[in-house]
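Residues per chain are reported as follows:
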Amino acid sequence: MGKTITTYLIDGDPKSTQYSFISNKICQMFVIPRSNLEYLNVQEKLHKPAFYILIGEDEATKPQAYIGETENFKERIKDHDYKKTFWQKALVFVSKDEDMTKVDVQYLEYKAIAEAKKANTFVLNENKQVPKAPNLPEHQQDAMDEFFEDIKFLASFIGCNIFEFFQSKEERLFYAKGRGCDAKGLYNSSGFTVLKGSIIVNNCTQSFQWKEKRERMIKEYAIDDNGIWKMLSDKTFASPSTAAMFCLGRAANGWIEWKDKEGNTLDSVYRKQLEI
């Protein structure tokens, strides 16, 4: 089923302050660069209860985030601006009807931290405490569960995959083997995702061109299990070939290296679609 998302660029700049919402939904997401916090002075919706995510990019191989809730985002962000150095932009989620309560956003924080830790795509070192679920009436909990689904959708809409993880049984899987590698993954609109539990090669060939970057990525996403590197979380790459090279530690054409359980290459399954 299709969805309509309305996005308004406050300054007319796609990389600057903006807000988005899904038609017929009450969840509204503001994207605010740290360089434009003055916008908070004029947007009254951000003076109300809100759930938010602070995002830091390019700080390490795996991006960093902080998940929080507040009764007044404008006042709360003053402390974060002073004490937290890692973040570059904030995703702030409010109700278009401005009817959320403190307990509502506490529940959203509880849900979000649990799912973000499960996805393990962002470092959450700043979230030192694991919140407990607040007491909400059943009908309000259902409403906030629906609201949280919209949060995940809008975050994904702007390319933030902090809550994304894959249910392998629901997807067509592809496999890469060789040099001790036993990796599995899937291909979709996000790119090629190497899945948690995949075994990747622990050394690179001499001609491999991004050895140092690969080693940093391995430390972020995998664990050494008696000399075998095993993926601790999913990792999405822009292309199947980059994913294959990461797993195999050598130059590779991912369209040919990745094969399904019947032996069909990724190329024959996806690139040949228009030839039918």
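Residues numbered from 1 in each chain as written. Predicted model: local features only at pLDDT ≥ 70, side-chain atom pairs only at ≥ 80, totals over all residues. Heavy atoms only, no water.

(A) Fine view of the nonpolar core. Core analysis: the largest hydrophobic core is formed by 30 residues, its most contacted members being Phe 51, Ile 53, Ile 67, Phe 93, Ile 151, Ile 162 and Phe 163. If you list the elements that add at least two residues to this core, you get β3 (27-33), β4 (50-56), β5 (64-70), β6 (89-95), α2 (102-119) and α3 (138-157). Not counting chain neighbours up to four residues away, the residues in contact with Ile 53 comprise Ala 65, Tyr 66, Ile 67, Lys 89, Ala 90, Leu 91, Phe 93, Ile 162 and Phe 163. Core analysis: the second largest hydrophobic core is formed by 28 residues, Phe 174, Val 194, Trp 255 and Leu 266 among them. (Core = buried A, V, L, I, M, F, W, Y, C linked by side-chain atoms within 4.5 Å. Buried < 20%, exposed > 50% of the residue type's maximum accessible area, 1.4 Å probe, protein only. Helix = DSSP H or I, 4+ residues; strand = E, 2+ residues; numbered from the N terminus. Contact = heavy atoms within 4.5 Å.)

(B) Representation of the pattern of salt bridges. Applying the stated rule across the entire model yields 16 salt bridges. Of the charged contacts in the structure, one is a salt bridge between Arg 34 and Asp 81, with a shortest N-O distance of 2.9 Å. Of this pair, Arg 34 sits in the loop between β3 and β4 while Asp 81 sits in helix α1 (residues 73-83), and the two are 47 residues apart along the sequence. On the basis of relative accessible area, Arg 34 is assigned to the partly exposed category, the value being 22%. Taken together, the shared-partner salt bridges connect Lys 25, Glu 146 and Asp 150 into one network. (Salt bridge = Lys/Arg side-chain N within 4 Å of Asp/Glu carboxyl O.)

(C) Layout of the packing of aromatic side chains. Counted according to the given criterion, the structure contains 14 aromatic pairs. Taken together, a centroid distance of 5.3 Å and an interplanar angle of 70° make the contact between Phe 148 and Phe 163 edge-to-face. Residue Phe 148 is located in helix α3, and its partner Phe 163 is located in the loop between α3 and β7 (174-178); the two are separated by 15 residues in the primary sequence. On the basis of relative accessible area, Phe 148 is assigned to the buried category, the value being 0%. Judged by its relative accessible area of 6%, Phe 163 is buried. Members of the aromatic cluster, joined through ring pairs, are Tyr 8, Tyr 19, Phe 30 and Tyr 39. The residue whose ring lies beneath Lys 84 is Tyr 66, and the NZ or CZ to ring-centre distance is 4.4 Å. (Phe/Tyr/Trp six-rings, centres within 6.5 Å; stacked < 30°, edge-to-face > 60°. Lys NZ or Arg CZ within 6 Å of the ring centre and 35° of its normal.)

(D) Geometry of the environment of Lys 102. Tracing the chain through its elements places Lys 102 in helix α2. For Lys 102, a relative accessible area of 29% gives the class partly exposed. For the pair Lys 102 and Pro 14, spaced 88 residues apart in sequence, the C-alpha to C-alpha distance is 31 Å. Among residues more than four places away in sequence, those in contact with Lys 102 are Glu 69, Thr 70 and Glu 71. A polar side-chain atom of Lys 102 sits 2.8 Å from a polar atom in the side chain of Glu 69. (Polar contact = N/O pair within 3.5 Å; in protein donor to acceptor, adjacent residues only side chain to side chain.)

(E) Structural context of the pairing of strand β2 (residues 18-22). Counting buried positions along β2 yields four of five residues, so the element is predominantly enclosed. As paired elements, strand β1 (residues 5-9) and β2 share five bridges and run antiparallel to each other. In the sheet register, Thr 6 faces β2, and the bridge partner there is Phe 21. Bridge count between β2 and β3: four bridges; the pairing is antiparallel. Looking at the pairing, Ser 20 lines up with Met 29 of β3. Counted along the chain from β2 to the antiparallel partner β3, the turn is four residues long, and its residue Asn 24 has a positive phi close to 70°. (Pairing = 2+ DSSP bridges.)

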